[in-house]
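# Structure assessment
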Amino acid sequence: MIELKNVSFQYGSGKKKEYDLKDISMLIADGECVILTGESGCGKTTLTRILNGLCPNFYEGQLQGSYTLNGEQVFASKKGQTADPEEDYEKSVDEIGMVVGNVFQDPRSQFFAINTTDEIVLAMENRGFARERMKEQLGKVDALMGIEALLDRNLFKLSSGEKQKVAIASALSVEPQVILLDEPSANLDPEGMKRLGKLLGKLKEKGYTIIISEHRLGYLKDVADRMIVMRDGMIKSEYRRGIFYELSDEKMTGMGLRVLSEIPGFEPTGRKKGDTPILRVEKICLKRGKRKLFDNLSAEFYRGQITAITGVNGVGKTTFCKIISGEIKQQKGSVFIYGENTPAKKRIRDCFFVGQDADYQIFTPTVLAEVTLNTEYSADNEEVIRMLKEFDLWQFRNRHPASLSGGQKQRVILAAALLRNRPILILDEPTSGLDGRHMRIIAEYLRRAAEKGTCILVITHDREFINIAADEVLEIH
Amino acid sequence: MKNLDIRVRLAAMLLVALAVLFIKSEITVYMMLMYAVLWTGLIVGGKKIVLQIALFAGLEALLFLLKDAEHIGNLPLLIVYIRRLVIAVIMAYPVANAPTGKLIASLDRLKISRAATISLAVLFRFMPTVTMEYVAIRQAQRYREIGTSVKDVFLKLPQLFEYTIVPLLIRTTKIADELTASAEVRGMKLDGEYNPYYEVKMRSFDWFAFLLAMVITGGICYMDHRIRMSA
């Protein structure tokens, strides 16, 4: 059982007025499956860090309240005082880690090893398990999850779903009682999400307590017992099973969350500017090793149109878009821009690719410099000022873009792209890990860009986003 | 060769890294390069080191172009040593490519301190990550017309350096932070109990490869010595 009493936490040395987590009290029973949800920045991740001990042992800060895990005290601060990690903390991160297994959001920064087996046994090696016991545990995890085909493989070559499976296997290897997952569906396609939901159901049946910080909730319908909604570092509301899946779309949208109801099938809107496609892909072929990625793939895209590019993980959605932008050369077929057969080298001049991770795409020390970098515009140009205001970035114009939130960074890159007047804009998973409110904001900004006549291609698995933003869907098989 | 003990790979790498610093004659540098390419190619396959070989050839060409140039100070000497470093980097591939668990287990058997073992494992874990991050940053730069032509690279080198290093640092710092947190919750610490999953044993083939590496590196060094004596 997990019990938090009046837990408050603030990152840093305590100079801020507001706590990042305020007066959290909660009780999670053994074998229960609890969803933590809420808008980005509401404190979900901080709460998970309290539960696994990383706050304040790794992420330093001021902590108050008490935390009991399986009847044993993890920490308890003196009344009205901040907990001292030396005196008031009774369990180390390592000790908590034997009870609470962790699956972090980004597999790239979670995996310590390059090889899958190394990654799965790592926690056992670090605890000095005997070799025989490690083999036995590995067998148990395999029996539970069916990971045999994943053993001894290069982690960097796995699909997102496979990486997620390895991360869960690694967390289960030391037989913890609690599994803590931070946005596990962020990089998964709908099939991967269904499989993850089934696996979590299986773990629940085995008696594991499961805590999931998540935005997309549909796949947890059969597993979750309770949903805790957080806002501004506090628990705003709690809903029991049988109640929370009855919550209306309006109610969820009002809370800034994603809807819980079944997402209806996509209906094309027919919105576009003009009858001649600005971009035409004709009979594209590409082979990777022995695998045929595209065989005579053709498609048309128009100005003012937002097209969602969908398909299962690893099908080649990003590769297809990189062929369009000229980063990758097709082996056969042609790409026509404005009706002209355009070679790969020249296509890049007409395209702008906004990658999934904004940090790659930030180069200068201020937002103003970032959006005007290598453009014809000076910082005081009216068009620049208008664009920054339109994208709600004017107040941040002198800030370092890296200091902004994920959504704000994405808007900086979007504004930079639009100021370059490229007719084709491609975005890779722009709503991955976004809450309902921010997902809708991105949809709104893309719509504005499309209104200006830009042809937009969005690589996405997010069906809720597709229904709100897209005019057309191209599914790659 | 693919199952060659990590300690042998490490020993061969250290021997070559030391040797390339001291050998003087050009012919022995080429011999060392050939040995490094063969050794690494047999263990991890030739595809992984194509870039390094190309870099060596590029530096060689640069040296040739600069041979009569004036007012360039010690630049050729610097290139000579960077070129030799490339040979050591080629030899590092079989170590970097080893599964992290086996690498840690091997270093543990060598009684190397836990701090050094973890640092080395993290270093090799970061090699593919930094490469991927760098590629992603360069791709993003193309859409912003940063360093897209050779002329641009040379004329705006400091700016290109800044525009590459800053995002690379932001990304790697973030990844390093998250990786440390992930390792900590899984019990990784300097003073803790540790038992490797892999049993590390030197087989007769490993001993043979170790002797072979010693003989080849020693032989090239001896040849270099003879050449210098006869000159």
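Everything in this summary refers to the structure shown in the same document. The shown structure was predicted, so the numbers you read here are calculated from the model rather than taken from an experiment. (Residues numbered from 1 in each chain as written. Chains lettered and ligands numbered in written order. Predicted model: local features only at pLDDT ≥ 70, side-chain atom pairs only at ≥ 80, totals over all residues. Heavy atoms only, no water.)

### Here's the deal with the overall build of chain B
- Counting its secondary structure elements, chain B contains 9 helices and 0 strands.
- Traced from its N-terminal end to its C-terminal end, chain B shows the element sequence α-α-α-α-α-α-α-α-α.
- Based on the C-alpha atoms only, the size of chain B along its principal axes is roughly 60 × 55 × 30 Å.
- Relative to its full complement of 231 residues, chain B shows a buried share of 42%. (Helix = DSSP H or I, 4+ residues; strand = E, 2+ residues; numbered from the N terminus. Buried < 20%, exposed > 50% of the residue type's maximum accessible area, 1.4 Å probe, protein only.)

### A short note on the pairing of strand S9 (residues 226–231) of chain A
All names here are of chain A.
- Counting buried residues along S9, 5 of its 6 residues qualify, which places the element largely inside the surrounding structure.
- Relative to strand S10 (residues 234–240), S9 runs antiparallel, the two being bridged by 6 bridges. Across the sheet, Met230 pairs through a bridge with Ile235, a residue of S10.
- The antiparallel hairpin formed by S9 and S10 contains 2 residues in its connecting segment, where Asp232 sits at a positive phi of about 50°. (Pairing = 2+ DSSP bridges.)

### A few points about the pattern of salt bridges
- Under the definition given, this model contains 42 salt bridges over all chains.
- For B:Arg7, the salt bridge goes to B:Asp5, with nearest N and O atoms at 2.9 Å.
- For B:Arg7, a relative accessible area of 15% puts it in the buried group.
- Through salt bridges with shared partners, a single ionic network connects A:Glu32, A:Arg226, A:Glu238 and A:Arg240. (Salt bridge = Lys/Arg side-chain N within 4 Å of Asp/Glu carboxyl O.)

### With respect to the interface of chain A and chain B
- Between chain A and chain B, the contact holds 61 residues from the first and 53 residues from the second.
- Taken together, both faces of the contact between chain A and chain B bury some 5,200 Å²; the carbon and sulfur share is 54%.
- The tally of links from chain A across to chain B stands at 8 salt bridges.
- Here A:Glu119 and B:Arg186 are joined by a salt bridge, their closest N and O atoms 2.6 Å apart.
- Our count for the contact surface shared by chain A and chain B stands at 32 residue pairs in polar contact (both at pLDDT 80 or more). (Contact = heavy atoms within 4.5 Å. Buried area = accessible area lost by both parts, 1.4 Å probe. Polar contact = N/O pair within 3.5 Å; in protein donor to acceptor, adjacent residues only side chain to side chain.)

### A word on the nonpolar core
- Grouped together as the largest cluster of nonpolar side chains are 67 residues, with contacts concentrated most on A:Phe301, A:Phe320 and A:Leu457.
- When residues in this core are grouped by element, the largest group, 8 residues, is from helix H14 (residues 406–419) of chain A.
- Formed by 53 residues, the second largest nonpolar core is a distinct cluster that contains A:Met134, A:Leu196, A:Tyr245 and B:Tyr197. (Core = buried A, V, L, I, M, F, W, Y, C linked by side-chain atoms within 4.5 Å.)

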